[in-house]
Amino acid sequence: MGIPEGNAEKGKKVFETKCRQCHNIEPGSKHKVGPSLHGIMGRKTGQAPNFSYSDANKSKGITWSKETLFEYLENPKKYIPGTKMVFAGIKSDKERANLIQFIIESCKK
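In this text, all values refer to a predicted model and were calculated from it rather than measured experimentally.

**Student:** Requested: an account of the UniProt feature "domain: Cytochrome c" (unreviewed entry) in the protein chain, with residues and values cited.
**Tutor:** Residues annotated by UniProt as "domain: Cytochrome c" (unreviewed entry) correspond here to residues 6-107. Between the C-alpha atoms that bound residues 6-107 the distance is 15 Å, and the span itself is 44% helix and 0% strand.

**Student:** Outline the pattern of salt bridges, supporting the account with residue identities and numerical values.
**Tutor:** Inspection of the entire model under this criterion finds 6 salt bridges. Lys 58 is the salt-bridge partner of Asp 55, the closest N and O atoms lying 3.7 Å from each other. Highlighted residues: Asp 55 and Lys 58, both in helix α2 (residues 55-60), separated by 3 residues, approximately one helical turn. Judged by relative accessible area, Asp 55 falls into the exposed class, the value being 61%. Put simply, Glu 74 and Arg 96 hold a salt bridge, and the shortest N to O gap is 4.0 Å. Pair noted here: Glu 74 is in helix α3 (residues 66-74) and Arg 96 is in helix α5 (residues 93-107), with a separation of 22 residues, a long-range link. One connected set of salt bridges, linked through shared partners, spans Glu 16, Arg 20 and Glu 26.

**Student:** Outline the environment of Ala 97, supporting the account with residue identities and numerical values.
**Tutor:** Along the polypeptide, Ala 97 turns up in helix α5. In the structure, Ala 97 is positioned 57 residues away from Ile 40 in sequence and 15 Å away in space, judged by C-alpha atoms. With sequence-adjacent residues up to four places away left out, Ala 97 is seen in contact with Ile 3, Pro 4, Glu 5, Gly 6 and Phe 70.

**Student:** Outline the side chain of Ser 106, supporting the account with residue identities and numerical values.
**Tutor:** On the secondary structure map, Ser 106 appears in helix α5. Not counting residues up to four positions away in its chain, the partners in contact with Ser 106 are Ile 25 and His 38.

**Student:** With reference to specific residues and values, describe the packing of aromatic side chains.
**Tutor:** Summed over all chains, the structure comprises 5 aromatic pairs. Taking 4.8 Å as the distance between ring centres and 70° as the angle between the ring planes, the aromatic pair formed by Phe 51 and Tyr 53 counts as edge-to-face. A residue is classified by how much of its surface remains accessible, and Tyr 53, at 12% relative accessible area, is buried. Arranged with centres 6.5 Å apart and planes meeting at 35°, the rings of Trp 64 and Tyr 79 form a pair that is tilted. Linking Trp 64 in the loop between α2 and α3 with Tyr 79 in helix α4 (residues 76-79), this pair joins segments that are 15 residues apart in sequence. As far as the burial class goes, Trp 64 and Tyr 79 line up, both buried. Each residue in the set Trp 64, Tyr 72 and Tyr 79 is aromatic and connected to the rest through ring pairs, giving one cluster. Sitting above the plane of the Tyr 79 ring, Lys 60 keeps its charged end 4.5 Å from the centroid.

What counts and what doesn't
Residues numbered from 1 in each chain as written. Predicted model: local features only at pLDDT ≥ 70, side-chain atom pairs only at ≥ 80, totals over all residues. Heavy atoms only, no water. UniProt positions renumbered as here; feature names shortened; annotations may be inferred. Helix = DSSP H or I, 4+ residues; strand = E, 2+ residues; numbered from the N terminus. Salt bridge = Lys/Arg side-chain N within 4 Å of Asp/Glu carboxyl O. Buried < 20%, exposed > 50% of the residue type's maximum accessible area, 1.4 Å probe, protein only. Contact = heavy atoms within 4.5 Å. Phe/Tyr/Trp six-rings, centres within 6.5 Å; stacked < 30°, edge-to-face > 60°. Lys NZ or Arg CZ within 6 Å of the ring centre and 35° of its normal.

Set out below in structure tokens:
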């Protein structure tokens, strides 16, 4: 099974309710408890400038893409054991796809 088609408008709602507390995504935005997510697509794990990542995140060595985010967002601690991110994950495939579509579109701005 592939990744479902995402809806950015619905994904924005997911971001606002589940991600905004710890992350910004706007261009030039500052890090919060978590790194700014602007520009995450195509970036390697643990590489946002001026953010203090866990060793687990820095050494994971994957590049963020639709596929890697889809897997990560289901269960972050399983995908990157030792991550500092305290988030249980999003079990719904559709909700994750919507969030990823919002992230993709936000990073184009």
